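Spelled out, the chains give:
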Amino acid sequence: MTEKWTDKTGMKALRRYRFTLTLKIIRILLIILFTGVIYQMVLQISYSETDNQEKLQTYAQLSAEWTMPGVRVDRFGGTLGDISAFFTERTSIDLKKRVGSDDKRIGTREIVKPLVKSFTHLYDDITDPDVYADYQFYLPYDPRNERSLSASKEDGVWDTLETLHEGTVAEMAFSFDDYYRPEEIMEFLDDYDLTVSWLPLFMGELQNFESGSGGSEDTLSVDPWGLSSGQYFDEKWRNNATSFLSLENIDEVESQMIANMKLLYEEDDTLAEAMFQMPHFEERIEFLEEDGFKVYGAVVTGPTKELLTLQEEKIIRGEQLGYITYWNWSQTD
């Protein structure tokens, strides 16, 4: 016997339909979620089996150490990369600075590399801006016309160093009155009980290619790029050795910098220029190979009274005092 259709039976049928439809929707959503989780797991496992995460960290490390004056990357910090469902890679590195003989953590840099590598972005989280110290370095001559230039300096640097207690150490940056070969500067500073952290390089900016620049009528600075250390990577992009700046190994550090620049550019020129946020990567390599290394400043650290003795050196100008802390000096390295 067929049930007579009434408003009551219609409502019951409608509720059964809604319930069945809801179950189907939930089932479909769970299948999609499960499939997505499995897909992400397989993608992440496949990604971890490649060298891409170590490669991205290598690009990140060298970009930070070459373009952030005095900054080092903690090879044992940061996080290895991961990859999203849309093939966006992410990784992070820990940034630090040597002040005296101790390393101080200054923050992190996160790298986000989408499938289109030219849209790679860097996000800096500087947790200790006082230690970071955003230095400016001034060219001795205008590359466009060879006109002599001066350098802006921070007021009261020498007076501050003179009044500081001898049981303190600090970081200091300055420019030079001319271009010098790195070995000349390392020999010059070898007479002082100081550590040389970073040397700004002239790489043909405004002479062979356009570059971001600033200054006044008598001063000129360009986006910084400097010599910091020699980094050695194996075939899987893992860092296995570091040679810091010293008079004994300055030639080695120079050679390794050119080798690493070629490695990054030849491996992936698009990623290199996006990661460094500076075009004309190839022109910089060519300039270093043809004209050699020319430095026009330095970042150093050590006892404050030792820094004070640099006051008498005529080649130093545009001095800037960085972070000051209590005595931790043990040896120059």
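The shown structure was predicted, so the numbers you read here are calculated from the model rather than taken from an experiment.

Caption draft 1: Here's a closer look at the overall build of the protein. Counting its regular elements, the protein contains nine helices and 13 strands. Taken over the C-alpha trace, the protein has a radius of gyration of 28 Å; the compact-globule value for 333 residues is 20 Å, which it surpasses by more than 25%. Over its C-alpha atoms, taken along the principal directions, the protein stretches across nearly 115 × 45 × 40 Å. When each of the 333 residues of the protein is scored for burial, the buried share is 48%. Excluding contacts between residues fewer than 6 apart, the proportion of contacts in the protein whose partners are at least 24 apart in sequence is 73%. Summing over all exposed atoms, the protein offers an accessible surface of approximately 17300 Å²; the carbon and sulfur share of this is 51%. Taking the 32 positively charged and 61 negatively charged side chains of the protein as two groups, their mean positions are separated by 18 Å.

Caption draft 2: Local environment of the environment of Met 172. Checked against the element boundaries, Met 172 lands in strand β5 (residues 168-180). A relative accessible area of 0% places Met 172 in the buried class. Non-local contacts of Met 172, meaning those with residues more than four positions away in its chain, are made with Tyr 135, Val 157, Trp 158, Leu 161, Ala 298, Val 299, Val 300, Leu 307, Glu 319, Gln 320 and Gly 322.

Caption draft 3: Region of the structure containing the pairing of strand β10 (residues 229-233). Of all five residues making up β10, four are buried, and the element is well covered by its neighbours. Note that β10 and strand β11 (residues 239-244) share five bridges and pair antiparallel. Along β11, the bridge assignment pairs Tyr 232 with Ala 241. Joining the antiparallel neighbours β10 and β11 is a turn of five residues, in which Trp 237 adopts a positive phi near 70 degrees.

Caption draft 4: Quick look at the sheet that holds β5. Reading across the sheet, the five strands line up as β9-β6-β12-β5-β13 and stay open at both edges, with antiparallel pairing between neighbours. Each end of this open sheet is capped by a strand with a single partner; those strands are β9 (226-227) and β13 (316-326). Contacts between helix α5 (residues 182-189) and the sheet are confined to β5, β6 (195-200), β9, β12 (295-303) and β13, with β6 contributing the most and set at about 150 degrees to the helix.

Caption draft 5: Quick look at the pattern of salt bridges. The final tally for this structure, using the stated rule, is 17 salt bridges. A salt bridge links Asp 103 to Arg 98; the nearest nitrogen and oxygen atoms lie 2.6 Å apart. Residue Asp 103 is classed as partly exposed on the basis of its relative accessible area, which comes to 34%. Taken together, the shared-partner salt bridges connect Lys 55, Lys 117, Glu 267 and Asp 268 into one network.

Caption draft 6: α5, seen in detail. Every buried residue belonging to α5 is among Pro 182, Ile 185, Met 186, Phe 188 and Leu 189, and all of these are buried. Taken end-on, α5 shows its buried residues confined to a sector of 160 degrees, consistent with a single buried face. Looking at the buried positions of α5, the neighbouring elements they touch are β5, β6, β9, α6 (250-267), β12 and β13.

Caption draft 7: Spatial organisation of unusual backbone geometry. Backbone geometry places Glu 146, a non-glycine residue, at a positive phi of 65 degrees. With respect to the helices, strands and loops of the structure, Glu 146 is situated in the loop between α3 (129-132) and α4 (157-163). One non-glycine residue, Trp 237, lies in the positive phi region at around 70 degrees. By the secondary structure assignment, Trp 237 is in the loop between β10 and β11. By relative accessible area, Trp 237 is classed as buried at 10%.

Rules and cut-offs
Residues numbered from 1 in each chain as written. Predicted model: local features only at pLDDT ≥ 70, side-chain atom pairs only at ≥ 80, totals over all residues. Heavy atoms only, no water. Helix = DSSP H or I, 4+ residues; strand = E, 2+ residues; numbered from the N terminus. Rg over C-alpha atoms; globule rule 2.2 N^0.38 Å. Buried < 20%, exposed > 50% of the residue type's maximum accessible area, 1.4 Å probe, protein only. Contact = heavy atoms within 4.5 Å. Areas by Shrake-Rupley, 256 points an atom, 1.4 Å probe, with all protein chains shown as cover. Lys, Arg positive; Asp, Glu negative; His and termini not counted. Charge placed at Lys NZ, Arg CZ, Asp CG, Glu CD. Pairing = 2+ DSSP bridges. Axes fitted to C-alpha atoms, helices over the stretch in contact; angles between N-to-C directions. Salt bridge = Lys/Arg side-chain N within 4 Å of Asp/Glu carboxyl O. Arc of directions from axis to C-beta.

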